[in-house]
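Observations on the three-dimensional arrangement
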Amino acid sequence: MNSKFVSIASFGDTTDAAIAHGILESNGIPCHVQEERTSPNTPQYKGLNGKTLVQVQRKNLTKAMRILKEKGHLRSEDFCVSKWDLFAANFEF
């Protein structure tokens, strides 16, 4: 269960997500980048391009958060970890 990938950060552009991805991978933490696009034809999303998520394995969550924070690449507005994932990261299932 701890090998499940969870979102750690949400960025407005792919460049910031790519930088976070590179930082994590260079520190031995496997991660994924996932783009979420919204439909430009949906009225409530008009003008939004979506977001780019950086995901890590739950077992690496706290280490990844620490690394990104130390490197100055995890701002409070980018942080998107659910309380459950943060709690579950501390336990083996």
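Going by the structure above, here's the rest.
In this report, we go over the structure that sits alongside the text.

**A look at the side chain of Ser7**
- With respect to the element layout, Ser7 can be found in strand 1 (residues 5-11).
- A polar atom in the side chain of Ser7 sits 3.2 Å from the side chain of Gln55.
- In this structure, Ser7 is in contact with Leu53, Val54, Gln55, Cys80 and Val81, ignoring residues within four places of it in sequence.

**A short note on helix 2 (residues 61-70)**
- Looking at helix 2, one finds that the buried residues are Leu61, Ala64, Met65, Ile67 and Leu68. Viewed along the axis of helix 2, the buried residues span an arc of 165°, placing them on a single side of the element. Residues of helix 2 that are exposed and point more than 90 degrees away from the buried face comprise Lys69 and Glu70.
- The positive-phi residue at the C-terminal boundary of helix 2 is Gly72, with phi of around 75°.

**Quick word on the environment of Lys51**
- Examined against the element boundaries, Lys51 turns out to sit in strand 3 (residues 51-57).
- For the pair formed by Lys51 and Gln34, sequence separation is 17 residues and the distance between their alpha carbons is 8.5 Å.

**Some remarks on helix 1 (residues 14-26)**
- For helix 1, built from 13 residues, the straight-helix expectation of 18 Å at 1.5 Å per residue is met to within 8% by its first-to-last C-alpha distance of 18 Å.
- Within helix 1, the full set of buried residues consists of Ala17, Ala20, Ile23 and Leu24. Projection of helix 1 onto a plane perpendicular to its axis shows the buried side chains occupying an angular sector of 125°, all on one side. Of the residues in helix 1, the exposed ones pointing more than 90 degrees away from the buried face are Thr15 and Ser26.
- Capping of helix 1 at its N-terminal end is provided by Asp13; its side-chain oxygen lies 2.9 Å from the backbone amide nitrogen of Thr15.

What counts and how
- Residues numbered from 1 in each chain as written.
- Predicted model: local features only at pLDDT ≥ 70, side-chain atom pairs only at ≥ 80, totals over all residues.
- Heavy atoms only, no water.
- Helix = DSSP H or I, 4+ residues; strand = E, 2+ residues; numbered from the N terminus.
- Polar contact = N/O pair within 3.5 Å; in protein donor to acceptor, adjacent residues only side chain to side chain.
- Contact = heavy atoms within 4.5 Å.
- Buried < 20%, exposed > 50% of the residue type's maximum accessible area, 1.4 Å probe, protein only.
- Arc of directions from axis to C-beta.
- Expected span 1.5 Å × (residues − 1).

Such coordinate-based values are descriptive only and should not be taken to indicate function.
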